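Below are the chains, spelled out letter by letter.
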Amino acid sequence: MEAGLKVKDVVIGEGIPKICVPLVGETREQLVEEAIQLLEHDIDVVEWRVDFLNQADDLDTVKQVLQDIRRVLRDTPLLFTFRTIKEGGERAISDAYYVQLNQAMIKTGLIDLIDIELFKEEQDVKDLIQLAKSHHVFTIVSNHDFEKTPSKDEMVTRLRRAQSLGADLPKLAVMPTSKSDVLTLLDATLTMKEQYANRPIITMSMAGTGAISRLAGEIFGSALTFGTVKKASAPGQVPIADLRKVLNILHENS
């Protein structure tokens with residue numbers, strides 16, 4: 001039985017899918033300005049995509065910027081994500097620094113959730129999840145395929161693996177090469193939710209072709225969706241005002 005995940009005052013996995021909006025500034029000044037602008041919108045979770053930061057390779061700078069963002073966002077749930085090049089991110093870093101960076105941010109006490117990539121070294125993933133749990137930080141264990149949509153069985157397998165490793169929120173994002181790929185993703189989501197999931201999951205089909213998957217989470221089983229206020233962090237993200245409107249319509253008629 002899937003149970004909701006309460007992050008501050010937001011319950012992910014109950015009712016309308018929650019909306020997460022990315023911060024993608026390259027400098028401290030840009031990020032603080034973005035964060036201030038987000039306060040004007042109806043947002044459930046904010047994701048800081050740290051790989052966009054031009055000094056992401058400096059731990060002290062990342063910590064300082066995180067402090068500034070937290071000061072602005074106050075009680076808004078904050079997700080810390082460094083997306084690697086292999087999974088569609090903005091810059092390449094060593095595996096050692098990836099672990100070091102995530103460890104350091106977990107220990108700050110300033111974040112509520114952290115994204116850990118599923119296909120990093122398994123022991124590193126397990127250790128980061130354990131560290132996060134010990135610091136009361138929720139984990140998203142994610143996989144992103146920017147080239148294709150795997151088979152339904154493979155997508156379900158990846159979500160189940162993330163769950164078995166201890167992810168609080170297994171996440172999968174894939175690229176469609178046809179409309180039928182979007183249906184395959186939705187089918188995999190529904191199967192995972194109905195047959196295997198004992199916690200909320202996050203799935204999406206990317207680009208314009210896959211936009212329906214970002215809107216129909218409540219129907220098929222994805223508990224959180226990503227929208228934009230300014231710049232998107234992945235192809236196919238929908239402006240937040242439009243996203244909220246459609247989510248509400250589907251909720252009211254489901």
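Residues numbered from 1 in each chain as written. Predicted model: local features only at pLDDT ≥ 70, side-chain atom pairs only at ≥ 80, totals over all residues. Heavy atoms only, no water.

The chain is annotated in an unreviewed UniProt entry as 3-dehydroquinate dehydratase from Aquibacillus albus. Database annotation for the chain, UniProt heading Catalytic activity (unreviewed entry): "3-dehydroquinate = 3-dehydroshikimate + H2O". According to UniProt, the comment filed for the chain under the heading Pathway (unreviewed entry) is "Metabolic intermediate biosynthesis; chorismate biosynthesis; chorismate from D-erythrose 4-phosphate and phosphoenolpyruvate: step 3/7." (UniProt positions renumbered as here; feature names shortened; annotations may be inferred.)

Participant: Where do I start with the UniProt feature "active site" (unreviewed entry) in the chain in this structure?
Facilitator: In the numbering used here, UniProt assigns the "active site" (unreviewed entry) feature to H144 and K171. These annotated residues cover 28 residues of sequence, but their C-alpha atoms sit close together, with the largest distance between any two at 8.4 Å. Along the polypeptide, H144 turns up in strand β7 (residues 138-145). A residue is classified by how much of its surface remains accessible, and H144, at 9% relative accessible area, is buried. When residues no more than four places from it in sequence are discounted, the contact partners of H144 are R83, E87, K171 and A173. Among the polar contacts listed, one links the side chain of H144 to the side chain of R83, at a separation of 3.4 Å. Within the secondary structure, K171 is located in strand β8 (residues 169-174). Other than its neighbours up to four places away in sequence, K171 contacts R83, D115, I140, V141, S142, N143, H144, L159, I202, M204 and F226. (Helix = DSSP H or I, 4+ residues; strand = E, 2+ residues; numbered from the N terminus. Buried < 20%, exposed > 50% of the residue type's maximum accessible area, 1.4 Å probe, protein only. Contact = heavy atoms within 4.5 Å. Polar contact = N/O pair within 3.5 Å; in protein donor to acceptor, adjacent residues only side chain to side chain.)

Participant: Help me out: how do you make sense of helix α2 (residues 59-73) in this one?
Facilitator: Each α-helix turn comprises 3.6 residues. Residues three or four places apart therefore point the same way. Taking 1.5 Å per residue, 15 residues should reach 21 Å; α2 reaches 21 Å between its end C-alpha atoms and fits that length. Taken together, the buried positions of α2 are L59, T61, V62, V65, L66, D68, I69, R70, V72 and L73. Next to the buried residues of α2 lie β3 (18-23), α1 (28-38), β4 (45-49), β5 (78-81) and α3 (95-107). One or two steps after α2, the chain reaches R74, where phi turns positive at roughly 50°. (Expected span 1.5 Å × (residues − 1).)

Participant: Would you take a moment to explain the UniProt feature "binding site: 3-dehydroquinate" (unreviewed entry) in the chain for this structure?
Facilitator: The sites that UniProt annotates as "binding site: 3-dehydroquinate" (unreviewed entry) are E47, W48, R49, R83, R214, S233 and Q237. Secondary-structure assignment places R83 in the loop between β5 and α3. The buried category is assigned to R83, whose relative accessible area is 3%. Excluding its chain neighbours within four sequence positions, the residues that come into contact with R83 are E47, R49, D51, G88, G89, E90, R91, D115, E117, S142, H144 and K171. As for its position among the elements, Q237 is in the loop between β10 (224-228) and β11 (238-239).

Participant: Would you mind going over the pairing of β5 with me for this structure?
Facilitator: Along any regular strand, the residues point their side chains to alternate faces of the sheet. Residues L78 and F80 of β5 are buried on one face, and the alternating residues L79 and T81, pointing to the opposite face, are buried as well. Direction of pairing for β4 relative to β5: parallel, over a ladder of four bridges. By the bridge assignment for β5, W48 is matched with F80. In this region the chain leaves β4, passes through α2 and returns to the parallel neighbour β5; the handedness of that crossover is right-handed. Both β5 and strand β6 (residues 113-117) contribute to a ladder of two bridges, which runs parallel. Following the sheet pairing, L79 is matched in β6 by L113. (Pairing = 2+ DSSP bridges. Right-handed = clockwise from strand over helix to strand, strands pointing away.)

Participant: What should I look at first to understand the packing of α2 against α3 in this one?
Facilitator: Axis separation between α2 and α3 bottoms out at 11 Å; the angle between their running directions is 35°. Crossing handedness for the pair α2 and α3: right-handed. Mapping the contact onto sequence places L59, V62, K63 and L66 in α2 and Y97, Q100, L101, A104 and M105 in α3. Broken down by class, the residue content of the contact of α2 with α3 amounts to seven nonpolar, one polar and one charged. (Axes fitted to C-alpha atoms, helices over the stretch in contact; angles between N-to-C directions. Left-handed = near helix turned anticlockwise from the far one by under 90°. Nonpolar A, V, L, I, M, F, W, Y, C, P; charged D, E, K, R; others polar.)

Participant: Even after reading the chapter, I still don't get the pattern of salt bridges, so can you show me in this structure?
Facilitator: Pairing between side chains becomes possible if they bear opposite charge and their charged atoms approach one another. Across all of its chains, the model carries 17 salt bridges by this definition. Salt-bridge contacts for K120 lead to D95; the nearest nitrogen and oxygen are separated by 2.9 Å. On the criterion of sequence distance, the pair formed by K120 in the loop between β6 and α4 (122-134) and D95 in helix α3 is long-range, its members being 25 residues apart. Residue D168 is joined to K133 by a salt bridge in which the shortest nitrogen-to-oxygen separation is 3.7 Å. Within this pair, whereas D168 is found in the loop between α5 (152-165) and β8, its partner K133 is found in helix α4, the two being separated by 35 residues in sequence. Residue class for D168 comes out buried when judged on its relative accessible area of 15%. (Salt bridge = Lys/Arg side-chain N within 4 Å of Asp/Glu carboxyl O.)

Participant: What is the right way to read unusual backbone geometry from this model?
Facilitator: Most peptide bonds are trans, and most residues other than glycine sit at a negative phi. With a phi angle near 50°, R74 is a residue other than glycine that sits in the positive phi range. In this structure, R74 sits in the loop between α2 and β5. With a relative accessible area of 54%, R74 lands in the exposed category. Here H136, not a glycine, exhibits a phi torsion of approximately 60°, which is positive. By the element assignment, H136 lies in the loop between α4 and β7. Among the residues examined, H136 registers a relative accessible area of 72% and is labelled exposed.

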